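# Topology and contacts: notes
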2 protein chains.
Amino acid sequence: MANGLHVAVVGATGAVGQQMLKTLEERQFPVGQLTLLSSARSAGKTLQFNGKEVVIQEATPDSFKGVDIALFSAGGSISKALAPEAVKRGAIVVDNTSAFRMDENVPLVVPEVNEEDLKAHNGIIANPNCSTIQMVAALEPLRQSYGLKKVLVSTYQAVSGAGAAAINELKEQSQAILDEKEFTPEILPVGSDKKHYQIAFNAIPQIDKFQDNGFTFEEMKMINETKKIMHMPELQVAATCVRLPVVTGHSESVYIELEQSGVTVQEVKQLLAQAPGIVLQDDPENQVYPMPADCVGKRDVFVGRIRKDLDNDKGFHMWIVSDNLLKGAAWNSVQIAESLIKLGIVK
Amino acid sequence: MANGLHVAVVGATGAVGQQMLKTLEERQFPVGQLTLLSSARSAGKTLQFNGKEVVIQEATPDSFKGVDIALFSAGGSISKALAPEAVKRGAIVVDNTSAFRMDENVPLVVPEVNEEDLKAHNGIIANPNCSTIQMVAALEPLRQSYGLKKVLVSTYQAVSGAGAAAINELKEQSQAILDEKEFTPEILPVGSDKKHYQIAFNAIPQIDKFQDNGFTFEEMKMINETKKIMHMPELQVAATCVRLPVVTGHSESVYIELEQSGVTVQEVKQLLAQAPGIVLQDDPENQVYPMPADCVGKRDVFVGRIRKDLDNDKGFHMWIVSDNLLKGAAWNSVQIAESLIKLGIVK
């Protein structure tokens, strides 16, 4: 690694891909060579990295020759097709799609929670769903100290999780409504689903498609991924996922039940104030609490509104906010890459 | 009542007051004489009612002479000062503020839930908090059939609950952000609190001021009012209340635990489909669920996303939406007035 690593970014032009490049720069990640990959449509375009222009190439199996780490964020079908090809050619893949997350041979990693799982990788490492990452990062210190029995989460999710087109839709719709003009929803809640609804000045209780059990895939991702990351198949988890007219920054209203009784709010606050990757913002008297508008561009997970349930001594409520494009996606992926170096898995 | 009732509306020019007049018209409420009252500032202005102009008068104790029913929605301090004066002069007061809600001598009424409590009135009847009303209306049929043990709610509340100035702030801020111009938050989350935050494209986890226990007053209203309306001091209730960039329409992500086990989702749906004041909107396959943008101007409470908890046979999740200015305020007040006639309390 004397001359740095050969890093490939697949889906470089997307909302997350752009944040990956920015994060690699900000973290001064040891990039010796950078390969930017995309669909044929974006090939030939250029992007800036560390002050130099890099030409985007069409992603093919042979694009990964000589690549040390490939960061994938170009949709599940691209990952399914090309991640195994990248591995065959010697790359370690950090995949930001849902393609491999529940594969038992694939570690699903939030470094603050289960960095050690990286050691068991078989070439592909999955980056969890954005709303899962920020929640488990905040809950892990509590699980370690007091045990965790139950998690009930209601999300307040930003449109950037649905991509750049969804951001445009929110902005254009907002302007149309302010101007009292007509508009036709075309993207949200789910581009590929049958119906599309107004997102501006509205709240849509659907993210991703519905499963037969009435939960959406997004909700089931939060449930199943949380259990896998925390190695707690027995953990009780439920989620209601809601899309909001917010550009970036997911918020979560979380209720948890600890195993241990007698824990105080002060103890929970102290624990989270010292936890890696967590910023405690919890001072009700001075109206200090996390908000999506404040978290944009920051890599941390912000936690506030911590209070004990009035009926259950083991129950706590809290409000967890993070930039869904950073800790929820690009930063967690780059952080996994940093852990791979730290653990000596990539040399 | 041959010639109709003498109705007074206190706070006629406010966001809720205007909806009260509209609802009285739509319901063809038997108004024989209408007295519109406000602060000195608005006195002399006129409003339309049933096609006629009515001049607004400054509210004083003697304004209530001869009034049968007085609908108050002009803030807690006005209600505290003038509601007892109205009662002294023979009026029955339906008060939409929080001034008397937890007074044990004052019935707190949602007609679908506890209409009978009106019989024990002492002149003043309290209209519950907007977010409480829609929740208890939806949960009461379940309580009656299966028993209710626990309620955990996370709200998604519209700015119109904070008045007309908050609506303007949301619209002006949204335009400023779309135009990339500077702006200064001045009203939300709480006009009289120390700090004000951006509401456009954001989510603020504070509605009303904070209490010493870390919960906001809005959250404690939901907790205490729910217990009082349902006559269940032992009910376990917790709330997290969040303000969103939505003009009108409160949404609620609600988790409940029933007393009875073995209840199916289908049974819950059937019960709610037949319940008074409730509209079931729950067809995931066809992406049918309630949303605030669809509920505006409607008097019903809309319920969807009903599903059984994956870990607890007695646990259910649901999504409850209603127009906070109508069922949450103006309509529930007029509905109470209709019940007063129906029960023969006002003749």
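What counts as what
Residues numbered from 1 in each chain as written. Chains lettered and ligands numbered in written order. Predicted model: local features only at pLDDT ≥ 70, side-chain atom pairs only at ≥ 80, totals over all residues. Heavy atoms only, no water. UniProt positions renumbered as here; feature names shortened; annotations may be inferred. Buried < 20%, exposed > 50% of the residue type's maximum accessible area, 1.4 Å probe, protein only. Contact = heavy atoms within 4.5 Å. Helix = DSSP H or I, 4+ residues; strand = E, 2+ residues; numbered from the N terminus. Salt bridge = Lys/Arg side-chain N within 4 Å of Asp/Glu carboxyl O. Polar contact = N/O pair within 3.5 Å; in protein donor to acceptor, adjacent residues only side chain to side chain.

An unreviewed UniProt entry lists chain A under the name Aspartate-semialdehyde dehydrogenase, with Priestia iocasae given as the organism. What UniProt records for chain A under Subunit (unreviewed entry) is the sentence "Homodimer."

All names here are of chain A. Residues annotated in UniProt with the feature "binding site: NADP(+)" (unreviewed entry) correspond here to Thr13, Gly14, Ala15, Val16, Arg41, Ser42, Ser160, Gly161 and Asn324. Across 312 residues, the annotated set is spatially dispersed, with a maximum C-alpha separation of 26.0 Å. A relative accessible area of 21% means that alanine 15 is categorised as partly exposed. Beyond its immediate stretch of four places on either side in the chain, alanine 15 contacts Ala164 and Leu325. Relative to the helices and strands, serine 160 resides in the loop between β8 (148-156) and α5 (164-178). Overall, serine 160 belongs to the buried group, its relative accessible area being 3%. Those residues within four positions of serine 160 in sequence are excluded, and the remaining contacts are Ile167, Val247, Thr248, Asn324 and Leu325.

Residue and element names in this part refer to chain A. Under the criterion given, the structure shown has 34 salt bridges over all chains. Here aspartate 208 ties to lysine 221 by a salt bridge, and the two come within 3.0 Å at their closest N and O atoms. Residue aspartate 208 is found in the loop between α5 and α6 (217-229), and its partner lysine 221 is found in helix α6; the two are separated by 13 residues along the sequence. Relative accessible area serves as the criterion here: at 24%, aspartate 208 is assigned to the partly exposed category. If you follow the salt bridges from partner to partner, you end up with Asp62, Glu85, Lys88 and Arg89 in one network.

Let's shift gears to the UniProt feature "binding site: phosphate" (unreviewed entry) in chain A. All names here are of chain A. Summarizing the sequence annotation, UniProt attributes the feature "binding site: phosphate" (unreviewed entry) to Arg101 in the numbering used throughout. A relative accessible area of 5% means that arginine 101 is categorised as buried. Ignoring anything within four residues of it in the chain, the contact list for arginine 101 reads Asn96, Val106, Leu108, Ala126, Asn127, Pro128, Asn129, Lys221, Glu225 and Lys228. A polar atom in the side chain of arginine 101 sits 3.2 Å from the backbone oxygen of threonine 97.

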